[in-house]
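Structure assessment
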Amino acid sequence: MALPNDTDPKLAEYAHPERLVTTEWLAQNLGADGLVVVESDEDVLLYDTGHIPGAVKVDWHTELNDPVTRDYVDGQGFAELCGERGISRDTTVVFYGDRNNWWATYALWVFSLFGHPDVRILDGGRAKWVAEGREMTTDQTKPSPVEYPVVERDDATIRAFKDDVLAHLGRVGRGGALVDVRSPGEYSGELLHMPDYPQEGAVRGGHIPGAASVPWARAAAEDATFKPRSDLEAIYQQEQGLSADDDVVAYCRIGERSSHTWFVLTHLLGFGRVRNYDGSWTEWGNSVRVPIAQGSERGSA
Amino acid sequence: MTLPPQLAELVEEFSDVGPKDRLQLLLELSQELPELPERYADAADTMEQVHECQSPLFLAVEVEPEGDRAVHLFFSAPREAPTTRGFASIMHTGLDGEPAAEVLAVPDDFYTALGLAQAVSPLRLRGMVAMLARIKNQVRSATAA
């Protein structure tokens, strides 16, 4: 029993307006049957300092990731995580979080690996809700547990592994595209060795050959909302030459910032095939004999 | 492992409780991080940024010129970054006022004894490792002069 969509005119411009809600819509719908609001933050303590009334917390490090293998929870783990939070398969889940919704889009992406049907992002996230002076509480949310089915994770449709990216290299520019969403310094390879503080993330700096450099933040407006569709088209389509028919792989350092871009390309611009390479630079930059390009040019494999 | 007494006490408090309570402790510590004194309030550019933290954290270290060269620590981190504030507060509670030699003697891996890896994740702990390294570097250069 999904909640009605937000009919806000800015959202209506996007390819899939049903994937976003405004702060006003959420304020009107808080407490509605069939709605669960999930806060997903970079900072593991932020939710506990105050959250949207009734919202539950999902921590990406300790709850969405498998604690041992570098992977996500499995179907059983996901069913428990949802069930405990009162999320059933037909629940409308609205995600919000800190840092321009990085972790909210990341959580939404993980929920999408399990095909959860109705997932939405609060446009502007935690920052906008707070900036508008809307209600926050430290009251503990105590959801009634529900049954969530054990659904097998689909790792083929919106997720890419290193081998997929290797196979993808030859297709870049021929119906395929790679998008690096890290900062320009990380892309060029300059940002790796800070004096005295060796960066632990990767032993090589640079980017995957052929990747376009489009830092994720270019899709975000000052108030942490997504930029209007026309602005996004100007960046990804006109400037970068991507097309909605392209087979796109997006990556960053560990797959969090690229979830933001995955969301933009998939749900706001309506690209048909976008995969998030969650291994990202911490895998690629440590792998033996994979091709790497340095400097500000895309390069080729 | 010999730790300054306040830091040893913190480590004990953390290791005595389960993962959920460790988060609660860290939250309380984050709320206790002292405000910046006025002389740093308008001088953020004189502070050192700890880039390894997931949120902006600025750090200043002062070392007394005489005696056992006591170390004083000052931190600035936004309210929206309670975990980073919590880490800074651990440093402040544990090390502020300690002699330089004691601060330099803190093992770089002392944080493992806090048992936060499970509650917070190893990646997030990197910020605390970097904080200690940067504090030590500043203490070293201040005492070498």
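In case you missed it, the structure is sitting above this.
Described below are features of the structure shown in this document. (Residues numbered from 1 in each chain as written. Chains lettered and ligands numbered in written order. Predicted model: local features only at pLDDT ≥ 70, side-chain atom pairs only at ≥ 80, totals over all residues. Heavy atoms only, no water.)

Before going further, it helps to spend a moment on the overall build of chain B. Broken down by element type, chain B carries seven helices and three strands. Each helix and strand of chain B, ordered N terminal to C terminal, gives the series α-α-α-β-β-β-α-α-α-α. In terms of overall size, chain B behaves like a compact globule, its C-alpha atoms giving a radius of gyration of 14 Å where 145 residues would be expected to give roughly 15 Å. Overall, chain B is about 45 × 35 × 25 Å in size when its C-alpha atoms are taken along their principal axes. Intrachain contacts of chain B at a sequence separation of at least 6 include 67% that bridge at least 24 residues. The averaged location of the 23 negative side-chain charges in chain B is 8 Å from the averaged location of its 11 positive side-chain charges. (Helix = DSSP H or I, 4+ residues; strand = E, 2+ residues; numbered from the N terminus. Rg over C-alpha atoms; globule rule 2.2 N^0.38 Å. Contact = heavy atoms within 4.5 Å. Lys, Arg positive; Asp, Glu negative; His and termini not counted. Charge placed at Lys NZ, Arg CZ, Asp CG, Glu CD.)

Taken together, the contact pairs 21 residues of chain A with 25 residues of chain B. With both chains or domains summed, chain A and chain B bury close to 1,800 Å², and 55% of this area falls on carbon and sulfur atoms. Joining chain A to chain B, the criterion identifies two residue pairs in polar contact (both at pLDDT 80 or more). Here the side of chain A that touches chain B takes three residues from helix α3 (residues 60–64) of chain A, the largest share from any one element. Grouping the constituent residues of the side of chain A that touches chain B by class yields seven nonpolar, four polar and 10 charged. (Buried area = accessible area lost by both parts, 1.4 Å probe. Polar contact = N/O pair within 3.5 Å; in protein donor to acceptor, adjacent residues only side chain to side chain. Nonpolar A, V, L, I, M, F, W, Y, C, P; charged D, E, K, R; others polar.)

Residues and elements named next belong to chain B. Where helix α2 (residues 19–32) contacts helix α4 (residues 82–95), the two axes come as close as 7 Å, and the packing angle between them is 75°. When the axis of α2 is compared with that of α4, the two are roughly perpendicular. Contacts between α2 and α4 pair Leu26, Leu29, Ser30 and Glu32 from the former with Pro82, Thr83, Arg85, Gly86, Phe87, Ser89, Ile90 and Thr93 from the latter. Its residues placed into classes, the contact of α2 with α4 shows five nonpolar, five polar and two charged. (Axes fitted to C-alpha atoms, helices over the stretch in contact; angles between N-to-C directions. Parallel < 35°, antiparallel > 145°, perpendicular 65-115°, else oblique.)

Residues and elements named next belong to chain B. Between its terminal C-alpha atoms α4 stretches 19 Å, which fits the 20 Å expected from 14 residues at 1.5 Å a residue. Extensive coverage of α4 is indicated by the burial of 12 of its 14 residues. Those residues of α4 that fall on the buried side of the exposure criterion are Pro82, Thr83, Thr84, Arg85, Gly86, Phe87, Ala88, Ser89, Ile90, Met91, Gly94 and Leu95. As for α4, its buried residues are in contact with α1 (5–16), α2, β3 (71–76), α5 (100–105), α6 (117–120) and α7 (122–144). Remark: Gly97 follows α4 within two positions and exhibits a positive phi of approximately 90°. (Expected span 1.5 Å × (residues − 1). Buried < 20%, exposed > 50% of the residue type's maximum accessible area, 1.4 Å probe, protein only.)

All right, on to the nonpolar core then. Counting residues in each nonpolar core, the largest one holds 58 residues, and the members touching the most others are Phe95(A), Phe111(A) and Tyr236(A). Beyond its immediate chain neighbours, meaning those up to four positions away, Phe111(A) contacts Phe78(A), Leu81(A), Cys82(A), Ile87(A), Val93(A), Phe95(A), His116(A) and Val119(A). Val11(B), Leu114(B), Leu116(B) and Val120(B) belong to the second largest nonpolar core, which has 43 residues in total. (Core = buried A, V, L, I, M, F, W, Y, C linked by side-chain atoms within 4.5 Å.)

Another point: the sheet that holds strand β7 (residues 176–180) of chain A. Residues and elements named next belong to chain A. Strand order in the open sheet formed by five strands is β6-β12-β11-β7-β10, with parallel pairing between adjacent strands. Looking at strand neighbours, the two that pair on one side only are β6 (159–160) and β10 (212–213), the edges of this open sheet. Here β7 runs beside strand β11 (residues 247–251); their pairing, made up of five bridges, is parallel. Residue pairing for β11: Gly176 is matched across the bridge by Asp247. Where helix α10 (residues 257–268) meets the sheet, its contacts fall on β7, β11 and β12 (273–277), and the angle it forms with β12 comes to roughly 175°. (Pairing = 2+ DSSP bridges.)

Now for the packing of aromatic side chains. Residue and element names in this part refer to chain A. Scanning all chains against the criterion turns up 16 aromatic pairs over all chains. Arranged with centres 6.3 Å apart and planes meeting at 40°, the rings of Tyr106 and Trp109 form a pair that is tilted. Here the residue Tyr106 and the residue Trp109 both occupy positions in helix α5 (residues 102–113), the gap between them amounting to three residues, near one helical turn. Take Tyr106 and Trp109: they sit in the same class, and that class is buried. Feature note: the residues Trp60, Tyr72, Trp102, Trp103, Tyr106, Trp109 and Trp216 constitute an aromatic cluster, connected by ring pairs. (Phe/Tyr/Trp six-rings, centres within 6.5 Å; stacked < 30°, edge-to-face > 60°.)

Residues and elements named next belong to chain A. Spatial strand order, β1-β5-β4-β2-β3: five strands in an open sheet with parallel pairing. Two strands close off the open sheet at either side, each with one partner strand: β1 (20–21) and β3 (56–57). The pairing of strand β4 (residues 92–96) with strand β5 (residues 119–122) spans three bridges and is parallel. Paired with Val94 across the two strands is Arg120, which belongs to β5.

What follows is about the packing of α5(A) against α10(A). Residue and element names in this part refer to chain A. Contact pair α5 / α10: the axes reach a minimum separation of 7 Å and the direction vectors enclose 65°. Here α5 is positioned roughly perpendicular relative to α10, judged by the angle of their axes. In this structure, α5 crosses over α10, and the sense of that crossing is left-handed. Side by side, α5 and α10 meet where Trp102, Thr105, Tyr106, Leu108, Trp109 and Ser112 of the first sit next to Arg257, Ser259, His260, Trp262, Phe263 and His267 of the second. Split into classes, the residues belonging to the contact of α5 with α10 amount to six nonpolar, five polar and one charged. (Left-handed = near helix turned anticlockwise from the far one by under 90°.)

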